[in-house]
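Chain residues, written in single-letter form:
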Amino acid sequence: MNDEFLTRVSFAGVPHTLAHDSDISKATLYPMTPEDVCKVYWTLFSLTVSYVYSINGVQISRDFSTTSSAIIPKDRLIAPAIFEGTDFDSQTQTSYTMALKLDTVYFNMDDNAKVGLKLIFEEADSANFINLCLRPIAGMNSVAKEFTFLNTTFVAYLNYQFPPVVSASLSKFTMIPEFVVI
C-alpha cells in the first residue's frame, strides 16, 4: 500500500470523530500507549491468539485468528476495521470467540498517555464449568497466565467450577498481531 493521506486525529492517534470514553474499566487492553493504539487502529491486519490449557488432565491447544474486514488503512478514516470471529469445538463442547472493538478508545482523564481498547476473548463450555477470558469471574476458581501484547503485560484467566473440575492449568497464552506493510 502506498496511498498516503493526512487526517486530524485525537491524542490517541485515532480519528477525532471516534468515540472516546473515560471509563477505563471497559477496556480489557489497558494501559496501552497512544502510539500502540494508533498502530493497531490504522494498520492491524490480523490478530492470532494461541493458547494451551488443561482441564482434569485433558489438554486443549488452539490457534484462533481474526482478520481485518478488508478495510484498508485510508478507509479507516470513515469506519474502523472489524476483527471478529467465533467457532465451536464439538469434541470438547466449547465455543470460542474474539472481537477487537476499535469503535471506542478508552483513556485515563488524569493521564492521556494511558489509553486502551476493548478485546472480547472467551472460550467457554456448554455446561459453564470453564471460561477462559481476560478477567477473573466471581464465584469460580481461576488460574492466570501473563502475556505480552505490544510491549505491555496483560493477564488471561482460566476460570473453572470446583467440582467437577479438580485440576486446571493454563500453560500458554499469546496474542500475535500482524500489521499491514506500508
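Residues take numbers from 1 onward in each chain, read along the sequence in its written order. At least 70 in pLDDT is required for a residue's local features to be given in this predicted model, at least 80 for side-chain atom pairs to be given and counted, and no such filter applies to totals for whole chains, interfaces and linings, which use all residues. Think of the side-chain values as coming from all heavy atoms in the structure, minus any hydrogens and water.

The subject of this paragraph is the sheet that holds strand S11 (residues 168–179). In any sheet, the strands associate via hydrogen bonds between backbone groups, in a parallel or an antiparallel arrangement. Taken together, 3 strands build an open sheet; the order of strands is S4-S3-S11 and the sheet is antiparallel. The sheet is open, and its two borders are formed by strand S4 (58–67) and S11, each paired with just one other strand. Looking at each pair of strands side by side, their axes are set apart by 10° on average, direction ignored. One ladder, built from 10 bridges, connects strand S3 (residues 44–55) with S4; its direction is antiparallel. Opposite Ser54, over in S4, you have Gln59 as the bridge partner. Residues are treated as being in contact if the distance between any of their heavy atoms lies within 4.5 Å. Every axis in this analysis is a line fitted to C-alpha atoms, fitted for helices over the stretch in contact. Angles between the N-to-C directions lie between 0 and 180 degrees. Helix and strand definitions here come from DSSP, where helices need a minimum of 4 consecutive H or I residues and strands a minimum of 2 consecutive E residues; each element is numbered from the N-terminal end. Against the sheet, helix H1 (residues 34–43) contacts S3 and S11, and its axis sits at roughly 110° relative to S3. Think of it this way: DSSP has to see at least two bridges between two strands before they count as a pair.

Using a grid of 1 Å spacing that covers the protein atoms alone, one calls a set of points a cavity when a 1.4 Å probe fits there but cannot get out, and a pocket when the set is open and has protein on both sides within 12 Å along at least five of seven lines; lining residues are those with an atom within 4 Å of a point. Grid points are joined across faces, edges and corners, and a volume is the space filled by probe spheres set on the points. For the largest pocket, the calculated volume is near 200 Å³. Lining the largest pocket we find Tyr53, Ile55, Asn56, Val58, Ile60, Thr92, Thr94, Asp125, Phe129, Ile130, Pro164 and Val165. Gly falls in the polar group here, along with every residue not listed as nonpolar (Ala, Val, Leu, Ile, Met, Phe, Trp, Tyr, Cys, Pro) or charged (Asp, Glu, Lys, Arg). Grouping the amino acids of the lining of the largest pocket by side-chain chemistry returns 8 nonpolar, 3 polar and 1 charged.

We now examine the nonpolar core. Ranked by internal contacts, the top residues of the largest apolar core, which has 46 residues, are Val40, Leu100 and Phe149. When residues no more than four places from it in sequence are discounted, the contact partners of Leu100 are Leu29, Val40, Leu44, Leu47, Phe83, Leu117, Lys118 and Leu119. Here, nonpolar core means buried Ala, Val, Leu, Ile, Met, Phe, Trp, Tyr and Cys residues that are tied together by side-chain atoms lying within 4.5 Å of each other. Per-residue accessibility, obtained with a 1.4 Å probe over protein chains only, is compared with the maximum for each type, and a residue is labelled buried under 20%, exposed over 50%, and partly exposed between these values.

Turning to its location among the elements, Asp110 is positioned in the loop between strand S6 (94–108) and strand S7 (111–125). For Asp110, a relative accessible area of 78% puts it in the exposed group. It is 9.7 Å that separates the C-alpha atoms of Asp110 and Ser22, two residues lying 88 residues apart in sequence.

Here we take up the pairing of S7. In terms of strand pairing, strand S2 (residues 29–32) meets S7 through 2 bridges, oriented antiparallel. Residue Met32 lies in a different strand from S7, and its bridge partner there is Val115. Summarising the sheet, S6 and S7 pair through 11 bridges and their orientation is antiparallel. The partner of Tyr106 across the bridge, within S7, is Gly116. Between the antiparallel neighbours S6 and S7 lie 2 residues.

Here we take up the pattern of salt bridges. A pairing counts as a salt bridge when a side-chain nitrogen of Lys or Arg comes within 4 Å of a carboxyl oxygen of Asp or Glu. On inspection of all chains with the given rule, the structure shows 4 salt bridges. Lys26 is the salt-bridge partner of Asp21, the closest N and O atoms lying 3.1 Å from each other. Overall, the relative accessible area of 38% leaves Lys26 in the partly exposed class. Where Glu84 meets Lys101, a salt bridge forms, and the shortest distance between an N and an O atom there is 3.1 Å. Placement of Glu84 in strand S5 (residues 83–89) and of Lys101 in strand S6 is noted, with a sequence separation of 17 residues between them. With a relative accessible area of 49%, Glu84 lands in the partly exposed category. Salt bridges linked by common partners bring Arg62, Asp89 and Glu123 together as one network.

Let's shift gears to the packing of aromatic side chains. Any two rings among Phe, Tyr and Trp, with Trp reduced to its six-membered ring, count as a pair given centres within 6.5 Å; such a pair is stacked if its planes are under 30 degrees apart, edge-to-face if over 60, and tilted if neither. The tally for this structure, following the rule as stated, stands at 10 aromatic pairs. Both rings, one in Phe5 and one in Trp42, keep their centres 5.7 Å apart while their planes meet at 50°; by these two values the pair is tilted. One end of the pair, Phe5, is in the segment before strand S1 (19–21); the other, Trp42, is in helix H1, with 37 residues separating them in the sequence. Phe5 sits in the partly exposed class, given a relative accessible area of 28%. On the accessibility criterion, Trp42 (9% relative accessible area) is buried. Through successive ring pairs, a cluster of aromatic residues spans Tyr51, Tyr53, Phe121, Phe147, Phe154 and Phe173. Either the NZ atom of lysine or the CZ atom of arginine qualifies as a charge over a ring when it sits within 6 Å of the ring centre and within 35 degrees of the ring normal. Positioned above the aromatic ring of Phe179 is the side chain of Lys39, whose terminal nitrogen or guanidinium carbon lies 4.4 Å from the ring centre.

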